[in-house]
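Below, each chain spelled out in residue letters.
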Amino acid sequence: MTTQAVPSNFSAETAENLEDIEKQFAVKAVEQAETYWNILTKVPPSALKLTKLDDEIHASFTATFPELKGDALRTLNEDQMKSKEGKEKWRNWINLWEKKVDDYNFGTLLRTDARGEYEQDNTIFSTRMQFYAIEIARNRAGLNDEVYQKNKSS
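This write-up is about the structure you can find in this document. Keep in mind the model is a prediction, meaning the values are calculated, not measured.

Before going further, it helps to spend a moment on helix α5 (residues 84-95). Helix length check: α5, at twelve residues, gives a terminal C-alpha distance of 16 Å against a target of 16 Å (1.5 Å per residue), a fit within 8%. Regarding α5, the residues found buried are G86, W90, W93 and I94. Around the axis of α5, the buried residues are gathered within 100 degrees of arc, so they sit on the same side. In this structure, α5 carries K84 and E85 as exposed residues pointing more than 90 degrees from its buried face. On the buried face of α5, the contacting elements are α2 (54-64), α4 (78-81), β2 (123-127) and α6 (128-140).

This brings us to the pattern of salt bridges. Going through the model one piece at a time under the given rule, you end up with eight salt bridges. For K100, the salt bridge is made with E56, and the minimal N-O distance between the two is 2.5 Å. A residue pair is termed long-range when its members are at least 10 positions apart, and K100 in the loop between α5 and β1 (107-111) and E56 in helix α2 qualify at 44 residues. The exposure class of E56 is partly exposed, given its relative accessible area of 36%. Taking the shortest distance from any N to any O, the salt bridge between R74 and D71 comes out at 3.5 Å. Here the residue R74 and the residue D71 both occupy positions in helix α3 (residues 71-74), the gap between them amounting to three residues, near one helical turn. Taking the relative accessible area as the measure of exposure, D71 reaches 60% and is therefore exposed. Several salt bridges share partner residues, and in doing so they unite R111, E135 and R138 into one network.

Reading the values: rules and limits
- Each chain has its residues counted from 1, following the order in which its sequence is written.
- Per-residue local features are limited, in this predicted model, to residues with pLDDT of at least 70; the limit for side-chain atom pairs, both in listing and counting, is 80 or more; totals at the level of whole chains, interfaces and linings are taken over all residues.
- As a rule here, side-chain values cover all heavy atoms of the structure and leave hydrogens and water aside.
- Only runs of H or I of at least four residues qualify as helices and only runs of E of at least two qualify as strands under DSSP, and these elements are numbered from the N terminus.
- Expected span of a helix, by definition, is 1.5 Å for each gap between consecutive residues, and there is one gap fewer than residues.
- We call a residue buried when its accessible area falls under 20% of the maximum for its residue type, exposed when it is over 50%, and partly exposed in between, using a 1.4 Å probe and counting protein chains only.
- Here the arc refers to the set of directions running from the helix axis out to each C-beta atom.
- By the convention used here, residues are in contact when the closest approach between their heavy atoms is within 4.5 Å.
- By salt bridge we mean one thing: a side-chain nitrogen of Lys or Arg within 4 Å of a carboxyl oxygen of Asp or Glu.

And the structure:
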């Protein structure tokens with residue numbers, strides 16, 4: 001697959017959504033979710049390293065979002081994340097990673113409840129950085145261990 005540079009006069013705000021492009025993004029997001037799920041079920045989550053910047057991402061995330069721990073990290077509140085204040089806080093944090101993480105704002109699927117699979121009622125659309133931050137924190141807190149334990153004997 002070859003990629004081309006985005007034209008300098010391109011504006012995301014006025015661009016039309018082309019169905020084929022949307023389908024390609026959806027396919028990539030689903031593939032990433034399936035890959036992550038397969039890893040979670042086969043490797044102890046506490047041993048996972050998602051990026052070379054896991055420690056830095058985790059430290060920044062926990063400092064910026066101290067409220068996202070324990071039950072609030074296990075079961076995400078989509079309404080809070082996508083509220084006006086939530087969007088602004090996340091946007092500011094995500095933009096810190098623009099020059100450090102490839103595809104930092106690429107669309108990704110994220111499980112709302114760490115105990116469940118990627119299913120319609122347990123999945124939201126997020127950015128790659130939200131996925132990294134939340135899943136790194138869940139892995140370090142042992143919140144994904146249940147998924148691994150349930151599937152270990154399968």
